[in-house]
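Single-letter residue listing:
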Amino acid sequence: MFDLERIARIVGGEFCGRKVNCELTGVSTDSRNMVPGALFVPLRGGRFDGHDYLSQAVKNGAAACLSEEVVEGLNVPVVRVADTLRALGDIAAAHRFQLQGPLIAITGSAGKTTTKEMLAGILTQVAPGLKTYGNFNNLIGLPLTLLRIEKSHQWAVVEMGTSALGEIERLTEIAQPTIGVITNIGEAHLETLHGLDGVSRAKGELYAGLKGGTAIINLDDERVAQLPVANGVKKRTYGLNARADVRGEHRVVEPDAVSFELLTADQRRSIRLPVPGVHNVHNALAAAAAALELDVSLEHVVRGLEEFVPVQGRMNLFPLASGGMLLDDSYNSNPLSARSALDALKALKGQGRKVAILGDMLELGEDAQLLHQALGERVAQVADVLITVGRHGEQLEMGALKAGMRKEQIYKVDHVAEAIEMVKSCHRTGDRLLVKGSRGVQLDRLVQELKAAG
Ligand code: ATP
Ligand code: MG
């Protein structure tokens, strides 16, 4: 890691009081989990202000602290900065250059984490590297990810999320990706991004911010395909589109997998992706296109994809003791991902009913009502039973009724606790359940209950 004087220079900070240099073992933003000898960076959040925990950080081993305020009487040196979040990004940006190899950044409205895991699964077979842990994809998570880069890492795959314009631009500035992937552009975070044009602009900041390298482009997503790319950046395309550089053909949907053929300019391979959801072909093609751009062999690409293990809460399929199935897609939801999850429910084989348990899709702004209604219409084409969880149940119901579902097929509850009782009481042998909702609805708790009950 760096020494404190170097950090002070990187972040443009000044020592509070006497300048005292020290070597640092790392960087931490959580005073409860300090690595001994690390720098504590206090961040201001909605509910907490890290500046209230400087003493605790020192007690837990911090060797130095950053601070936006003048601090005296702490037993370790303190460097004052204007903005600790910005400073965290600046330190990560400097540390990023420890990486001896490519850095691939992935953004998009759906499929970031899945594509990241697929690509990391491919690259791991070739050399050791680093991937974003979980969903650490924002202005805190991305820097913390980059700060984990070690000498042994030969590649890094990072996820970039956004809820505001300018965020991906800053994340790109910090990470300096050599390859940028945008999986798709759909209705997510509409509240803060102001419509699909806003989403396009926000995601497009990744291609626009690349300094050389390659933009990996989903040719089946019109909005992605139209995004401008920075000068000097190479374009590589993927999709089902016949013009794509890396192409998928002959998709066969199975309940627990999707098979397809992967084509490049001169090669063709059959792949069986062991995860439900035809949308995962696009995630796989994105991962393949990025890997092939790095000269990874097609054999490694195929093996990596065929050994893919679904990420928790995304398209996880479990058999139920009642003879039915549970499709756990409870991690998060937006209109784009909810549509693909319903398609996956449609593909589930079996005799029992298809039950869509759908929580609210949050952060959709003024279009929320219409988007829930549209999803309800879609539900009517797929499911035999709809259970809604949250305050948008009315609109889901309205859409479902409009598209031909009957009132007695629909149940509405407000909270996950009631959903648990509801599902238990109306469960029938052989039911195939899809569970999906935004994080805030906490439908993962329902999934835990269902799994525990068998
Ligand atoms: P988040 O914004 O929550 O980090 P993400 O972009 O990382 O989401 P994933 O976690 O990979 O996305 O997938 C979330 C859900 O989105 C999946 O469970 C699935 O329902 C849906 N999904 C994944 N990939 C795609 C895709 N390429 N197209 C449409 N829907 C998708
Ligand atoms: Mg994610």
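Residues numbered from 1 in each chain as written. Chains lettered and ligands numbered in written order. Predicted model: local features only at pLDDT ≥ 70, side-chain atom pairs only at ≥ 80, totals over all residues. Heavy atoms only, no water.

(A) Examining the overall build of the protein more closely. Helix and strand counts for the protein stand at 16 helices and 20 strands. Taking 22 Å as the expected radius of gyration for a compact globule of 454 residues, we find that the protein reaches 24 Å, a close match to that expectation. With the C-alpha coordinates of the protein rotated into their principal frame, the extents come out at 75 × 55 × 40 Å. When each of the 454 residues of the protein is scored for burial, the buried share is 56%. Within the protein, contacts between residues at least 6 apart in sequence are counted, and of these 62% link residues at least 24 apart. With an accessible surface of roughly 19,500 Å², the protein has 47% of that area assigned to carbon and sulfur atoms. Positive and negative side-chain charges of the protein, numbering 50 and 54 respectively, have mean locations separated by a distance of 2 Å. (Helix = DSSP H or I, 4+ residues; strand = E, 2+ residues; numbered from the N terminus. Rg over C-alpha atoms; globule rule 2.2 N^0.38 Å. Buried < 20%, exposed > 50% of the residue type's maximum accessible area, 1.4 Å probe, protein only. Contact = heavy atoms within 4.5 Å. Areas by Shrake-Rupley, 256 points an atom, 1.4 Å probe, with all protein chains shown as cover. Lys, Arg positive; Asp, Glu negative; His and termini not counted. Charge placed at Lys NZ, Arg CZ, Asp CG, Glu CD.)

(B) Representation of the side chain of Asp431 within the structure. By secondary structure assignment, the location of Asp431 is in the loop between helix 15 (416-426) and strand 20 (432-436). Within the structure, the side chain of Asp431 is placed 2.9 Å from the backbone nitrogen of Arg428, a separation counted as a polar contact. (Polar contact = N/O pair within 3.5 Å; in protein donor to acceptor, adjacent residues only side chain to side chain.)

(C) Focus on the site of ligand 1. If you check the shell around ligand 1, you find 20 residues, and the closest are Lys112, Thr114, Arg314, Asp329 and Ser340. Gly111 is positioned with one of its backbone polar atoms (N or O) 2.9 Å from an oxygen atom of ligand 1. A distance of 2.8 Å separates a nitrogen atom of ligand 1 from a polar side-chain atom of Ser340. Taken together, the elements giving at least two residues each to the shell around ligand 1 come down to helix 4 (112-124) and helix 12 (335-347). When grouped by side-chain class, the residues that make up the shell around ligand 1 number four nonpolar, 11 polar and five charged. (Near = heavy atom within 4 Å. Nonpolar A, V, L, I, M, F, W, Y, C, P; charged D, E, K, R; others polar.)

(D) Representation of the pattern of salt bridges within the structure. Counted under the stated rule, the structure contains 28 salt bridges. The shortest N-O distance in the salt bridge between Asp49 and Arg44 comes to 2.4 Å. Residue classification places Asp49 among the buried positions, given a relative accessible area of 17%. Classification of Arg44 as partly exposed rests on a relative accessible area of 42%. Here the salt bridges share partners, and the residues they tie into one network are Arg44, Asp49, Glu68 and Glu69. (Salt bridge = Lys/Arg side-chain N within 4 Å of Asp/Glu carboxyl O.)

(E) How the structure looks around the nonpolar core. Counting residues in hydrophobic clusters, the biggest one holds 115 residues, and the most contacted among them are Leu39, Ile91, Ile104, Leu146, Leu262, Val301 and Leu386. For this core, the element with the highest residue contribution is helix 10 (residues 280-293), accounting for nine residues. When residues no more than four places from it in sequence are discounted, the contact partners of Ile104 are Leu119, Leu123, Ala156, Val157, Val158, Ile179, Val181, Ala290 and Leu294. Within the second largest apolar cluster, 21 residues are counted, among which are Val413, Cys426, Val435 and Val441. (Core = buried A, V, L, I, M, F, W, Y, C linked by side-chain atoms within 4.5 Å.)

Note that every value here comes from positions in space, so none of it alone points to a role or purpose.
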